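# Coordinates in review
As a plain string of letters, each chain reads:
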Amino acid sequence: MNRRFTLVAAALAAAFATTPLMAQQAPLKVGFMLPATGTFAALGEMIEKGFKLHVQEQGGKLAGRELQYFKVDDESDPSKATDNVNKLIKRDQVDVIVGTVHSGVALAMARAAKESNTMLIVPNAGADAITGAQCAPNIFRSSFSNWQPGYAAGVVAAQKGYKRAMTITWNYAAGQETVKGFNEGFEKGGGKVMKELSLPFPNVEFQALLTEIAAQKPDVVFAFFAGGGAVKFVKDYDAAGLKKGIPLVASGFLTDGTLEAQGASAQGILSTLHYADNLDTPRNNAFRKSFALAYKANADVYAVQGYDAAQLLGAGLAAVKGDFAKREPMLAAMKKASIDSPRGKFTLSPQHNPVQDIFLREAKGTNNEYRGVAVKALADPGRGCRM
Ligand code: BEZ
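Residues numbered from 1 in each chain as written. Predicted model: local features only at pLDDT ≥ 70, side-chain atom pairs only at ≥ 80, totals over all residues. Heavy atoms only, no water.

### So, the domain arrangement of the chain
- As far as domains go, the chain holds domain 1 (24-144 + 279-352) and domain 2 (147-273).
- If you average the C-alpha positions of domain 1 and of domain 2, the two centres end up 28 Å apart.
- Taking both partners together, domain 1 and domain 2 bury about 1300 Å²; carbon and sulfur atoms supply 63% of that area.
- When the buried area of domain 1 at its contact with domain 2 is split by residue, T39, D128 and F144 rank highest and sum to 38% of it.
- On the surface where domain 1 and domain 2 come into contact, there are 0 salt bridges. (Domains from an automatic or database assignment. Buried area = accessible area lost by both parts, 1.4 Å probe. Salt bridge = Lys/Arg side-chain N within 4 Å of Asp/Glu carboxyl O.)

Quick look at the structure:
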C-alpha cells in the first residue's frame, strides 16, 4: 500500500468517525398512498401539500433527516388497496406510509402495515377500527375517527331542538360510522332518527333520495359526503328546493375544500369538524399564510391533517435524532407527542387517535367559519383496541 493511499484512507476513516450518525444515513423513505384520481383526488393533493409544507418549513428535512418520496394513486378503490399498498411495502420498501383518504382503502392498508410492521400514519380516513379493533403500535392517525364529527353533529342537532332526523350518506365504512356517531349524539339529546338513506360510493344520483326526504319532512337532515360527491349533493339539495325548508347539519367534510364549487347552495350550512378556516390563533394564521404563499391556494382540513402527519413523524424522529432504526423510543415519542396543530394543540388517545375539540362551523363565502366548540376534547372510545 503506498503512502498516499494510506493517508487518504486514514483521513476518510477519521471523517466518518467524527461525522454525526444522521449525515451518514440514507434518506428516510416516505410512501404516499393517496387518491390522485376520482371523487377524492383534491383531498389527496391537499394532504400531500400539507405534509410537504411542514417538511419545507423544517428546511426540507425532518429532525435533520432527508426524505425520499414514493407515490401510489389508490383511486379510492378498496379492491385494489392491498396490491397498491404492497407496491410501497414490498417494491419500494418504504420506511413510513402516509395514507389515505378512503376508509375502506385505509382498512386494507392497516392490515398490511400491521402484518409487515411498517409504520403507517393515516392523514384522513376515519375508519373507527384503525384506532379501534385494528389498532397497532405502528399505526397512528393525524386526523379523526368517523365517530368524532358524527357524534358532535348529533349533539348540536339535539341542542338546536330538532326532534326528527333523516340521514343520508354513501354506504361504506365512513358513511355508516359517521351516521352511527350522529345517531348516538342525537338520541342522547332526545332526538330520533326516522330513516337512514344511503347510496353506493361514489354514486351521485341523489334524486330519488331527495324526493323521499321531501315526502317525509324531517326537522333536520344529517349528511356525510366529501370531495366531488359533496359538491354535487349540496347543489342538488338546493336545486330540489329542500334547503329553504329542511336544514342540513353535516359532518364538516360536506363543505370543506368545496365551498368555491358549491357557491350559494352551501351558504349557511352548519357542520362539525376538528378545524375551522378562520380560527383566529397565531398558529392557524401563520399556517394559512405559509400555505397560501407556497401553493397560491387556501388551506383546508385535509392540508392541516397532512401537515400534522409530518409533525407527528417529526416528533418521533426528533426523539431518536433521525435514527429511524430506534423503533421503540421513536414510537414512544409519537405516542406522547403534543402536536401544535393549526386546529389547536392535540395529543393522542392510547389507541393513537387525536383527542381534539370538535368545532361548530357555518359556511360563509369560501370559509367554514368558527361558531363555537361543539364538543370539547373529544376522544374516540377506541372500541376493541388491544395493544
Ligand atoms: C373516509 O372515507 O374516511 C373519508 C373520506 C373523505 C372525508 C372524510 C372521511
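### A look at the packing of aromatic side chains
- Scanning all chains against the criterion turns up 22 aromatic pairs.
- Look at F206 and F233: their rings are 5.2 Å apart centre to centre, the planes differ by 80 degrees, and that puts the pair in the edge-to-face class. With F206 in the loop between β8 (192-199) and α8 (207-216) and F233 in helix α9 (residues 227-239), the pair connects residues that are 27 residues apart, well separated along the chain. Per residue, the accessibility class of F206 equals that of F233, and both read buried.
- Among the aromatic residues, ring-to-ring pairing joins F40, W170, Y172, F201, F206, F225, F233 and Y237 into one connected group.
- Here the guanidinium or amino end of K52 rests over the ring plane of Y69, the centre of that ring lying 4.7 Å away. (Phe/Tyr/Trp six-rings, centres within 6.5 Å; stacked < 30°, edge-to-face > 60°. Helix = DSSP H or I, 4+ residues; strand = E, 2+ residues; numbered from the N terminus. Buried < 20%, exposed > 50% of the residue type's maximum accessible area, 1.4 Å probe, protein only. Lys NZ or Arg CZ within 6 Å of the ring centre and 35° of its normal.)

### Some thoughts on α9
- Here α9 is 13 residues long and its end C-alpha atoms lie 19 Å apart, about the 18 Å a rise of 1.5 Å per residue gives.
- Among the structural elements, α3 (41-57), β7 (164-170), α8, β9 (220-224), β10 (248-251) and α10 (259-262) are those in contact with the buried residues of α9.
- G241 lies just past α9 and shows a positive phi near 80 degrees. (Expected span 1.5 Å × (residues − 1). Contact = heavy atoms within 4.5 Å.)

### Overview of the confidence of the model for the chain
- Confidence along the chain averages 95 in pLDDT terms, with 94% of residues attaining 70 or more.
- Considering only residues more than four positions removed or in separate chains, one finds that residues 1-19, a stretch of pLDDT under 50, has 3 contacts. (pLDDT = per-residue confidence, 0-100.)

### Observations regarding the side chain of Q262
- Tracing the backbone shows Q262 in helix α10.
- The exposure class of Q262 is buried, given its relative accessible area of 1%.
- When neighbours within four sequence positions are excluded, Q262 is seen to be in contact with A230, V231, V234, K235, L254 and T255.

### Some details on the sheet that holds strand β5 (residues 119-122)
- Across the sheet, 6 strands lie side by side as β2-β3-β1-β4-β5-β6; this open sheet has mixed pairing. Looking at the sheet topology across the chains shown, the edges are occupied by β2 (61-62) and β6 (139-141).
- With 3 bridges connecting them, strand β1 (residues 28-34) and strand β4 (residues 96-98) associate as parallel partners. Residue F32 lies in a different strand from β4, and its bridge partner there is V98.
- Against the sheet, α3 makes contact with β1, β2, β3 (65-73) and β4, and its axis sits at roughly 155 degrees relative to β1, the strand it touches most. (Pairing = 2+ DSSP bridges. Axes fitted to C-alpha atoms, helices over the stretch in contact; angles between N-to-C directions.)

### Quick notes on the packing of helix α4 (residues 81-91) against helix α5 (residues 103-116)
- Interhelical geometry of α4 versus α5 gives an angle of 45 degrees and a closest axis separation of 9 Å. For the element pair α4 / α5, the angle class is oblique. Seen from above, α4 lies across α5 with right-handed handedness. On α5, the residues touching A81, T82, V85 and I89 of α4 are V105, A108, M109, A112, A113 and S116.
- The class makeup of the residues in the contact of α4 with α5 is 8 nonpolar, 2 polar and no charged. (Parallel < 35°, antiparallel > 145°, perpendicular 65-115°, else oblique. Left-handed = near helix turned anticlockwise from the far one by under 90°. Nonpolar A, V, L, I, M, F, W, Y, C, P; charged D, E, K, R; others polar.)

### Structural notes on the packing of helix α6 (residues 147-159) against helix α7 (residues 173-188)
- In contact at an axis separation of 6 Å, α6 and α7 are set at 30 degrees when each is read in the N-to-C sense. Regarding α6 and α7, the two cross each other, and that crossing is right-handed. Together, W147, G150, Y151, A153, G154, V155, A157 and A158 of α6 and E177, T178, G181, F182, E184, G185, F186 and K188 of α7 make up the contact between the two elements.
- Looking at the contact of α6 with α7 residue by residue, the classes come out as 8 nonpolar, 5 polar and 3 charged.

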